[in-house]
Amino acid sequence: MEPVLVPVVLVAVAAAFAVSASAGFGGSLILVPTLALLLGTKPGAALAAVLLAANNVVKVAAYRQTLPFRKAAVVVVLIGIGAAAGAVLLVAAPERVVTVAVIVSFGLAFLAERFDFTRLRRLGTPLLALGAGATSGFSGTSGPLKGLAVRGLDLDRLHLVGALSLASLVGDVTKTAIWTEAALVGADAYVLALACVPLMLGATFLGRRINRDIGERGYTGLFWTVMAGYTARLVTGL
């Protein structure tokens, strides 16, 4: 990475980590397009996965008392399976195909949002989880699908953030392992992640405080604001 780009990346990292810690997800909304613009689609998605995986370790530690392991187990496992399949596809796919896939994944998510999932959430949650993992592995971000899948578990605010953090951790670690093996992730990515640890700690503390202060109604607004941000990327693309 060019030295002149480092400050831009650090600003994006701090913003992404704060949003992710307060809403439980949404870090890729900022980080993936920023890094894709600076580094290219594949390298950007790979570096984002490393940074987000490291940050999710901090998030899981911060929300350790509200991690719904049993209730979220199926969703988390399916997201991990989908992420592995998508990550393998990304390794072999041409850059242009991956870029188009990013846009298409948000298009599909937008169409999904047009339907009422409230009456079919229990039935649709596993499918949404698998789709979230697959799109995350192939395009670097799962869009609203992960949010819809985890929200279908009917958890309170803090446990919802805990479940989203678990799901994100499994997905990002899976992608990082596959992309490291395929040489899409180099040693410099891990060095940058290590350098960003103070940002992770500070942003996670700030995000957790925001989450606890805004209440259930405020969190619902924040959740759907992040969802709307994902959908807005349909227009802006990468």
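These numbers come from a predicted model, not from an experiment.

1. Points about the environment of Ala-54
For step 1, the next point in the chain: Its location among the elements puts Ala-54 in helix 3 (residues 41-62).
For step 2, the next point in the chain: Owing to a relative accessible area of 24%, Ala-54 belongs among the partly exposed residues under this scheme.
For step 3, the next point in the chain: Separated by 118 residues in the primary sequence, Ala-54 and Asp-172 place their C-alpha atoms 8.7 Å from one another.
For step 4, the next point in the chain: In contact with Ala-54, other than residues within four places in its own chain, are Ala-193 and Met-200.

2. Description of the side chain of Asn-56
For step 1, the next point in the chain: Its place among the elements puts Asn-56 in helix 3.
For step 2, the next point in the chain: Every residue in contact with Asn-56, bar those within four places of it in the chain, is listed here: Ser-20, Ser-165, Ser-168, Leu-169 and Asp-172.

3. Here's the deal with helix 1 (residues 6-23)
Three or four residues apart is the spacing at which side chains of an α-helix point the same way, because the helix has 3.6 residues per turn.
For step 1, the next point in the chain: Over its 18 residues, helix 1 extends 26 Å from the first C-alpha to the last, a length consistent with the 26 Å expected when each residue adds 1.5 Å.
For step 2, the next point in the chain: For helix 1, the complete set of buried residues consists of Val-9, Ala-12, Val-13, Ala-16, Phe-17, Ala-18, Ser-20, Ala-21, Ser-22 and Ala-23.

4. Topic: the nonpolar core
For step 1, the next point in the chain: Core analysis: the largest hydrophobic core is formed by 28 residues, its most contacted members being Val-13, Phe-17, Leu-31, Leu-35, Leu-51 and Trp-179.
For step 2, the next point in the chain: At the level of elements, helix 1, helix 2 (27-39), helix 3, helix 4 (69-92), helix 9 (187-195) and helix 10 (197-236) are the ones that each hand at least two residues to this core.
For step 3, the next point in the chain: The dominant element in this core, judged by the number of residues it contributes, is helix 3, at 9 residues.
For step 4, the next point in the chain: Excluding its chain neighbours within four sequence positions, the residues that come into contact with Leu-31 are Ala-12, Val-13, Ala-16, Ala-48, Leu-51 and Leu-52.
For step 5, the next point in the chain: Grouped together as the second largest cluster of nonpolar side chains are 27 residues, Leu-67, Leu-160, Leu-169 and Phe-223 included.

The rules behind these values
- Residues numbered from 1 in each chain as written.
- Predicted model: local features only at pLDDT ≥ 70, side-chain atom pairs only at ≥ 80, totals over all residues.
- Heavy atoms only, no water.
- Helix = DSSP H or I, 4+ residues; strand = E, 2+ residues; numbered from the N terminus.
- Buried < 20%, exposed > 50% of the residue type's maximum accessible area, 1.4 Å probe, protein only.
- Contact = heavy atoms within 4.5 Å.
- Expected span 1.5 Å × (residues − 1).
- Core = buried A, V, L, I, M, F, W, Y, C linked by side-chain atoms within 4.5 Å.

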